[in-house]
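Summary of structural features
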Amino acid sequence: SGDMVANKLSQREMTAEATKLGTQAASVAIANKELMRFIPLAEKAIDNVPRSQWRPLNQLIQAGENTWSPEQKSLVIANRSVLNAFSQLIQRGAPTVHSMQEAEALINTADSPAVYKAAMKQLRLEGEQAEAGLSDARNDLLERARGIGSEASPAGPQPGHVEGGYKFKGGDPA
């Protein structure tokens, strides 16, 4: 009847939601695991290049170093790995040009080591919370799935229950 149709529809909706959630959770987990591995490499690389506390001066230094400094090249590569992983994380596994530009605007190799490391610390937190949010969504979905049909089909008497002078032994009383 109507309750059965509604339950069937809810089950289909939840199946679609679970599929999407599973795909997103996998994408976020992969991106976050990569990000957590790349951040220490970038933090180590920033320590190996000379930086001041003033970004414009660092940009000038960096421009010259790009032609002769192996340490600067290592920082550029490590930073690119962080950017790629973070852009995947913020787009749930499907990075776009926009997500890459957004990541580049947030993470700048011309920053002082302290500012750069503060950004890396925040990226760690963002990654952890992205995974936690998906875990919360999964738990919510599971809780809703457990509730499907529970209102429409009340449980019958349990074995051993006495009702109207009769003792229910189990099985189908019909």
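Throughout what follows, the structure given in this document is the object of discussion. All of these numbers come straight from a predicted model, not from anything done at the bench.

Looking at where Glu43 falls in the secondary structure, it is placed in helix α1 (residues 2-47). Separated by 3.1 Å, the side chains of Glu43 and Arg124 make a polar contact. Apart from the residues within four sequence positions on either side, Glu43 is in contact with Tyr116, Lys117, Met120 and Arg124.

Right, let's get into the side chain of Arg51. If you trace the backbone, Arg51 turns up in the loop between α1 and α2 (55-68). A distance of 2.8 Å separates a polar atom in the side chain of Arg51 from a polar atom in the side chain of Gln72. There is a polar contact of 3.0 Å between the side chain of Arg51 and the backbone oxygen of Thr109.

The next thing to look at is helix α3 (residues 70-90). With 21 residues, α3 extends 30 Å from end C-alpha to end C-alpha; this agrees with the ideal 30 Å at 1.5 Å per step. Looking at α3, one finds that the buried residues are Gln72, Leu75, Ala78, Asn79, Val82, Leu83, Ala85, Phe86, Ser87 and Leu89. Phi turns positive, to about 60°, at Arg92, one or two residues after α3.

Below, the discussion takes up the pattern of salt bridges. Enumeration over the complete set of coordinates arrives at eight salt bridges. Taking the shortest distance from any N to any O, the salt bridge between Glu131 and Lys33 comes out at 3.2 Å. You can see Glu131 sitting in helix α5 (residues 113-147) and its partner Lys33 sitting in helix α1, a full 98 residues away along the chain. A relative accessible area of 48% places Lys33 in the partly exposed class.

By size, the foremost hydrophobic cluster in this structure holds 27 residues, and its most contacted members are Leu35, Val82, Leu89, Ile107, Tyr116, Met120 and Leu123. With nine residues, the single largest contributor to this core is α1. Ignoring sequence-local partners within four residues, the contact set of Leu123 consists of Leu35, Met36, Ile39, Val82, Phe86 and Ile107.

Right, let's talk about helix α4 (residues 97-106) for a bit. Residue pairs spaced three or four apart in an α-helix point in one direction, given the helix's 3.6 residues per turn. Within the span of α4, buried status applies to Ser99, Met100 and Ala103. Buried residues of α4 fall within an arc of 100° about the axis and therefore sit on the same side. Of the exposed residues in α4, those oriented more than 90 degrees away from the buried face are Val97, His98 and Ala105. Of the surrounding elements, those touching the buried residues of α4 are α3.

Definitions and cut-offs
Residues numbered from 1 in each chain as written. Predicted model: local features only at pLDDT ≥ 70, side-chain atom pairs only at ≥ 80, totals over all residues. Heavy atoms only, no water. Helix = DSSP H or I, 4+ residues; strand = E, 2+ residues; numbered from the N terminus. Polar contact = N/O pair within 3.5 Å; in protein donor to acceptor, adjacent residues only side chain to side chain. Contact = heavy atoms within 4.5 Å. Expected span 1.5 Å × (residues − 1). Buried < 20%, exposed > 50% of the residue type's maximum accessible area, 1.4 Å probe, protein only. Salt bridge = Lys/Arg side-chain N within 4 Å of Asp/Glu carboxyl O. Core = buried A, V, L, I, M, F, W, Y, C linked by side-chain atoms within 4.5 Å. Arc of directions from axis to C-beta.

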